[in-house]
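# Results of the structural survey
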Amino acid sequence: ALILGIETSCDDTGCAIINNHGKILSETLYSQNLVHLRNGGIIPDVAQDLHRACIESIVAETLSKGCLTMDNISAIAVTLEPGLPLSLAVGMKYAKHLSRRYSKPMIPIHHMEAHALIARMQHDIKFPFLVLLISGGHCLLAVVQDVNKFKLLGESMDCAPGEIFDKIAREMKLRNLPEYSKISGGEAIELAASKANNPHMFQLSLPLTDYKDCNFSFNGLKTSVFYHIHRKEKEHNIVAHNLIPEINDLCAATLMTTTRHLIHRTQRAMEFCYLKNLIPENNKQLVISGGVACNNYIFNNLTALCNEFKYRIFRPPPRLCTDNGVMIAWNGVEKWRKKIDIVTKLDSLDIKSVSPLGESLIPEVK
Ligand code: ATP
Ligand code: FE
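Keep in mind the model is a prediction, meaning the values are calculated, not measured.

### Topic: the UniProt feature "domain: Gcp-like" (unreviewed entry) in the protein
- UniProt tags residues 23-330 as "domain: Gcp-like" (unreviewed entry).
- With 48% helix and 16% strand, residues 23-330 has its two end C-alpha atoms placed 9 Å apart.

In structure tokens form, the structure reads like this:
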């Protein structure tokens, strides 16, 4: 079987075709990132226009690169939730059009589920496993019990780590330096942090230390970093496009505190999984995914935690951590193999901008 996957939930238009063994036959990705960087953020109407302008050609290009036609395709997997409604609608409409025109079933995909399952395409990861999803719109810990059976252990109570990295990078005006002008805020902060001389110059407090659960919070951290930016700008009489001289140290402090928070919560999740026997001793695996998982400092620190707790850690290659069509097609394959969610009555399918990942468990540890 060959599954065609379509992703348009946010600001990337992605398409891929993979077979039921997870071999990628063809993939295409159009990122709107540079347009949104210029606008200082994603404007939903603009994102929708850009998806509309390229969806047809991206699918056509993916088919032709794989020397395939729609007749070769068994089903069309498409992201229907969660995401920006205007963006999601473009993918859904085009998938429905293809589905009707070529009489192919559709497979609805949950974007965060796809981020979690993609690691299984290249690695032998058995259910159940623990997943930490860190991206531009989410931060969550869940136990993945099966293809569409998730138990949510915790999530962010305010914003996501990728979101604060992007906002902090903008407030610091990092993009004004040529070497940072074409990369995401998260990548810019990682690069700047690697050049720090004194990462302990700024003291940022660790969020939620008194809460005995697996939830996250990043808003307070963002506010304190903004405070330090403004304080240093005043101190040095910084005007217009100039940056504060302590930029690298402040990026390092931001990354260190974010990482410590992620580690703290992930450790709690591991303890909870042990106490409640959610993950058997011989199956201890942590998957990390989502755009922020590209960060090597975060990955290395999580690897150390995993060594301590005897977990094996898995991370998809960077291009599969951020949004892409392959993960949607792969989630389609996982469902196809289990014969679930293969839909021919298209009227029953609709988008959902907000959609929790599985049933919530409220962990109380120690
Ligand atoms: P969601 O999946 O929650 O809907 P999204 O799809 O917009 O959000 P992704 O494409 O998974 O998010 O990830 C984009 C985010 O990842 C951006 O916020 C970006 O700053 C961040 N990011 C990318 N590379 C890195 C890195 N090396 N270090 C930290 N953050 C990074
Ligand atoms: Fe995503």
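### Points about the sheet that holds strand β8 (residues 149-155)
- Taken in spatial order, the six strands make up an open sheet running β10-β9-β6-β7-β8-β11, and their pairing is mixed. Lying at the two open borders of the sheet, with one neighbouring strand each, are β10 (312-314) and β11 (359-360).
- As judged from the four bridges shared by strand β6 (residues 129-134) and strand β9 (residues 285-289), these two strands associate in the parallel manner. For Leu132, the partnering residue across the bridge sits in β9 and is Ile288.
- Packed on one face of the sheet, helix α9 (residues 247-275) meets β6, β7 (139-146) and β8 and runs near 160 degrees to β6.
- Relative to the sheet, helix α10 (residues 296-308) contacts β9 and β10, its axis offset from that of β10 by approximately 155 degrees.

### Focus on the packing of helix α2 (residues 44-65) against helix α3 (residues 85-102)
- Running from amino to carboxyl end, α2 crosses α3 at an angle of 20 degrees, the nearest separation of the two axes being 8 Å. When the axes of α2 and α3 are compared, the pair comes out roughly parallel. Along this stretch, α2 crosses α3, giving a crossing that reads as right-handed. Together, Pro44, Asp45, Ala47, Gln48, His51, Arg52, Ile55 and Glu56 of α2 and Leu86, Ser87, Val90 and Tyr94 of α3 make up the contact between the two elements.

### Details of α10
- Its 13 residues place the ends of α10 18 Å apart at the C-alpha level, agreeing with the 18 Å of an ideal helix rising 1.5 Å per residue.
- For α10, the secondary structure elements touched by its buried residues are α9, β9 and β10.

### Some thoughts on the nonpolar core
- Grouped together as the largest cluster of nonpolar side chains are 102 residues, with contacts concentrated most on Ile76, Val78 and Ala329.
- The dominant element in this core, judged by the number of residues it contributes, is α9, at eleven residues.
- The contact partners of Ile76, leaving out residues within four places of it in the chain, are Leu4, Ile6, Ala95, Leu98, Ser99, Lys104, Met106 and Ile107.

### Some details on the environment of Asp45
- When you line up the elements, Asp45 lands in helix α2.
- For Asp45, a count of 9 C-beta atoms within 10 Å corresponds to the exposed category.
- Separated by 41 residues in the primary sequence, Asp45 and Leu86 place their C-alpha atoms 7.1 Å from one another.

### Description of α2
- The end-to-end C-alpha separation of α2 is 30 Å, in line with the 32 Å expected for 22 residues at 1.5 Å each.
- The largest bend in α2 is about 40 degrees, located at Cys54.
- Residues of α2 that are buried in the fold lie against β1 (2-7), β2 (12-19), β3 (24-31), α1 (33-39) and α3.
- One or two steps after α2, the chain reaches Cys67, where phi turns positive at roughly 55 degrees.

Calculation notes
- Residues numbered from 1 in each chain as written.
- Chains lettered and ligands numbered in written order.
- Predicted model: local features only at pLDDT ≥ 70, side-chain atom pairs only at ≥ 80, totals over all residues.
- UniProt positions renumbered as here; feature names shortened; annotations may be inferred.
- Helix = DSSP H or I, 4+ residues; strand = E, 2+ residues; numbered from the N terminus.
- Pairing = 2+ DSSP bridges.
- Contact = placed C-beta atoms within 7 Å.
- Axes fitted to C-alpha atoms, helices over the stretch in contact; angles between N-to-C directions.
- Parallel < 35°, antiparallel > 145°, perpendicular 65-115°, else oblique.
- Left-handed = near helix turned anticlockwise from the far one by under 90°.
- Expected span 1.5 Å × (residues − 1).
- Core = buried A, V, L, I, M, F, W, Y, C linked by C-beta atoms within 7 Å.
- Buried ≥ 20, exposed ≤ 12 C-beta atoms within 10 Å, placed from the backbone.
- Bend = angle between axes of the 7 residues up to and from the residue.

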